[in-house]
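Structural description and commentary
One letter stands for each residue in the lines below.
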Amino acid sequence: MSDDEADPGLLDFLRQHFQKASLAPKIPETHVLEGAEYVYDNAIDVALDYRSTKAAAAMIYDQMQKKEYSTKTWAEHELHPKAKDESTVAFIFTMDLLNFSFWSEKNDEERFAVEYKGKKWTGYWSLVASLQRALDEDIPITSSDFWQNEDECTEEVLKHVFRSSTEEEIPLFQERMACLREAGQILYEKYQCSFTNCIAEANHSSAALVNILANNFPCFNDVVPFENRKSVRFLKRAQICVADVWAAFDGEGFGHFDDIEKITMFADYRVPQMLNTLGCLWYSPLLDNAIRHKKLIETGCSWEIQLRVLADVGFQGCAIWCVELLRREILRNHPDAKVNAILIDFFLYDTMKEREVEGQEEIPHHRTRSIWY
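Rules used in this analysis
- For every chain, the first residue of the written sequence is number 1, and numbering continues from 1 along that sequence.
- In keeping with the predicted nature of the model, local features appear solely for residues at pLDDT of at least 70, side-chain atom pairs appear and are counted solely at 80 or more, and the whole-chain, interface and lining totals rest on all residues.
- Hydrogens and water molecules were not included; the side-chain quantities draw on all heavy atoms of the structure.
- UniProt positions are given in the numbering used here, feature names are shortened, and annotations may be inferred rather than shown by experiment.
- Helix and strand assignments follow DSSP, with helices taken as H or I runs no shorter than four residues and strands as E runs no shorter than two, numbered in order from the N terminus.
- Only protein chains enter the accessibility calculation, which uses a 1.4 Å probe. A residue is then buried if its area is under 20% of the maximum for its type, exposed if over 50%, and partly exposed in between.
- The contact criterion used throughout is that any non-hydrogen atoms of two residues lie within 4.5 Å.
- Where accessible areas are quoted, they stem from the Shrake-Rupley method and a 1.4 Å probe; at the residue level, only the protein chains shown are allowed to cover.
- Note on ring pairs: Phe, Tyr and Trp rings are taken, using the six-membered ring of Trp, and paired if centres are within 6.5 Å. Classes follow the plane angle, with under 30 degrees stacked, over 60 edge-to-face and the rest tilted.
- Here, over-ring charges are defined by two tests on the NZ atom of lysine or the CZ atom of arginine: distance to the ring centre within 6 Å, and angle to the ring normal within 35 degrees.
- One side-chain nitrogen of Lys or Arg within 4 Å of one carboxyl oxygen of Asp or Glu is enough to make a salt bridge.
- Interaxial angle, 0 to 180 degrees, is taken between N-to-C directions of lines fitted to C-alpha atoms, where a helix line uses only the stretch in contact.
- Oblique is the label for any angle not covered by the other classes, which are roughly parallel (under 35 degrees), roughly antiparallel (over 145) and roughly perpendicular (65 to 115).
- Nonpolar residues are Ala, Val, Leu, Ile, Met, Phe, Trp, Tyr, Cys and Pro. Charged residues are Asp, Glu, Lys and Arg, and all others, Gly as well, are polar.
- Per-residue confidence from the prediction method is given by pLDDT, with values spanning 0 to 100.
- Note that the arc is defined by the directions from the helix axis to the C-beta atoms.
- Here the nonpolar core consists of buried residues drawn from Ala, Val, Leu, Ile, Met, Phe, Trp, Tyr and Cys, with membership extended through side-chain atoms lying within 4.5 Å.

For the chain, an unreviewed UniProt entry supplies the name Queuosine 5'-phosphate N-glycosylase/hydrolase and the organism Hyaloscypha bicolor E. According to its UniProt record, the chain has this under Sequence similarities (unreviewed entry): "Belongs to the QNG1 protein family."

Here is the structure:
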């Protein structure tokens, strides 16, 4: 055999190698983090302060240790479900179908609020209280069969479920009703009316479950174009749904995922607000002014599109990347730390809410009405 002739044995080896590679199962990825990094690299309205990020990472780790922050923190809240069964899975899926846009321009006494068990709940907790109250009243609000039944699950019934103790109604009521109808139909057609079958299909992969939600349920497909990139995936509610299942079941049973570290922070209002307070994120004067003056940009109009694509997406994307840098910094200094983006996100959100209650907000959150966050 001359030097110019191919070695048959080598060719056969390479053929088998590439055939095996093509048949190998693909590892699920959400692609959220790479999109966030792209936004960060191209953002002009938001910047990261690496020195502050390092200092914040040390503070966050210290406070999480002192508060013994873990998955158990999620279930410890009085409104979150405690059962480790399918009823909790159904509750979480319903909750995260509707987990968006609770902010109000009204004061605490006038904003949308839910009275439940002698307490008044606002924001995210108003949703959780509404669901628990409905179940107490024997309204099967977490049943996808119920959502599809327009004779039983009427607009009037849903307005009763989300009734407020004030004159302000829950924001985006029609959109929430549409989310329930849509998800109920998809669960019926593809998943035998149970979100547990989505979890089973994901085969213990958090990334796979995020993709199942995004690919099969339009109201979870939180994707936007940015600059020269056709799509940047944020998937806030899809990711938080997976994170809530993981936390509720303490990483076991329905909440057992082999790749939970692939879940990033959840691009919403509070975490970027907290990161700015900590000095980790800096805004351009135009964006900073708009946020501080609580300017409302109507969804779908030119300003809103520019804000979300050029500013808000940069705002959200940089927040995702910032939390990833916080996670890496904590693990660099504490390699054995049991910390991930989910727990950091939960901690930052809770801390920001505490500051709000104490009147210590240094900057308000941005204002946009959307089903995505």
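**Side note on the overall build of the chain**
Regarding its fold elements, the chain presents 16 helices and six strands. By residue count, 54% of the 373 residues in the chain fall in the buried class. A separation threshold of at least 6 residues defines the contact pool for the chain, and within that pool the share at least 24 residues apart is 75%. When the accessible surface of the chain is split by element, carbon and sulfur atoms take 51% of a total near 18,000 Å².

**A closer look at the packing of aromatic side chains**
Summed over all chains, the structure comprises eight aromatic pairs. Ring plane angle 65° and centroid distance 4.7 Å describe the contact between tyrosine 124 and tryptophan 125, whose orientation is recorded as edge-to-face. Across the pair, tryptophan 125 and tyrosine 124 agree in class, each one buried. Ring pairing ties together the aromatic residues Phe93, Trp147, Tyr191, Phe195, Phe217 and Phe220, which thus form one cluster. Over the ring of phenylalanine 100 we find arginine 176, and its NZ or CZ is 4.3 Å from the ring centre. Just above the ring of tryptophan 103 sits the side chain of arginine 369; from NZ or CZ to the centre is 3.8 Å.

**Points about the environment of glycine 251**
Along the chain, glycine 251 turns up in the loop between helix 12 (236-248) and helix 13 (270-277). In this structure the C-alpha to C-alpha distance between glycine 251 and threonine 71, which are 180 residues apart in sequence, comes to 7.7 Å. Aside from chain neighbours lying at most four places away, what touches glycine 251 is Trp246 and His256.

**Digging into the pattern of salt bridges**
Tallying each qualifying case throughout the model produces 11 salt bridges. The salt bridge partner of lysine 72 is aspartate 250, with a shortest N-O separation of 2.9 Å. A residue pair is termed long-range when its members are at least 10 positions apart, and lysine 72 in helix 4 (residues 72-76) and aspartate 250 in the loop between helix 12 and helix 13 qualify at 178 residues. Residue aspartate 250 is classed as partly exposed on the basis of its relative accessible area, which comes to 27%. Between aspartate 288 and arginine 292 there is a salt bridge; the shortest N-O distance is 2.7 Å. Residue aspartate 288 and its partner arginine 292 are both found in helix 14 (residues 285-292); the two are separated by four residues, about one turn of the helix. One network of salt bridges, in which partners are shared, links Lys54, Glu329 and Arg332.

**A short note on the packing of helix 12 against helix 16 (residues 341-357)**
Where helix 12 meets helix 16, the axes come as close as 11 Å, and the angle between the chain directions of the two elements is 95°. The orientation of helix 12 with respect to helix 16, classified from their angle, is roughly perpendicular. In this structure, helix 12 uses Ala243, Asp244, Trp246 and Ala247 to contact helix 16, whose residues at the interface are Ile342, Leu343 and Phe346. Of the residues contributing to the contact of helix 12 with helix 16, the split by class is six nonpolar, no polar and one charged.

**Digging into the confidence of the model for the chain**
Averaged over all residues, the pLDDT of the chain is 83; the fraction at 70 or higher stands at 83%. Across residues 300-315 the pLDDT falls below 50, and counting only partners more than four positions away or on other chains, this stretch makes 44 contacts in the model.

**Notes on helix 14**
Residues Leu287, Asp288 and Ile291 constitute the buried set of helix 14. Seen from one end, helix 14 has its buried residues packed into an arc of 100°, which puts them on one side. Turned more than 90 degrees from where helix 14 packs its buried face, Pro285 and Leu286 sit exposed. Immediately downstream of helix 14, the backbone of lysine 294 shows phi near 50°, a positive value.

**Let's talk about the environment of phenylalanine 112**
Of note, phenylalanine 112 is situated in the loop between helix 5 (86-97) and strand 2 (114-116). Of the residues examined, phenylalanine 112 reaches a relative accessible area of 3% and is grouped as buried. Dropping the residues within four chain positions of it, phenylalanine 112 is found in contact with Trp121, Thr122, Ser126, Phe162, Arg163, Ser164, Thr166, Glu168, Glu169 and Ile170.

**Section: the nonpolar core**
Counting residues in hydrophobic clusters, the biggest one holds 100 residues, and the most contacted among them are Phe93, Phe195 and Phe217. Top element by residues in this core is helix 16. It accounts for nine residues. In this view, phenylalanine 195 contacts Val89, Phe93, Leu187, Leu209, Leu213, Cys241 and Val245; residues no more than four positions away in its chain are not counted.

**Here we look at the packing of helix 13 against helix 16**
Relative orientation of the contacting elements helix 13 and helix 16 amounts to 75°, with a least axis distance of 8 Å. One element, helix 13, and the other, helix 16, form an angle in the roughly perpendicular class. Every residue of helix 16 that contacts helix 13 at Arg270, Val271, Gln273, Met274, Leu275 and Thr277 is listed here: Asp345, Leu348, Tyr349, Thr351, Met352, Lys353, Arg355 and Glu356. Partitioning the contact of helix 13 with helix 16 into residue classes produces six nonpolar, three polar and five charged.

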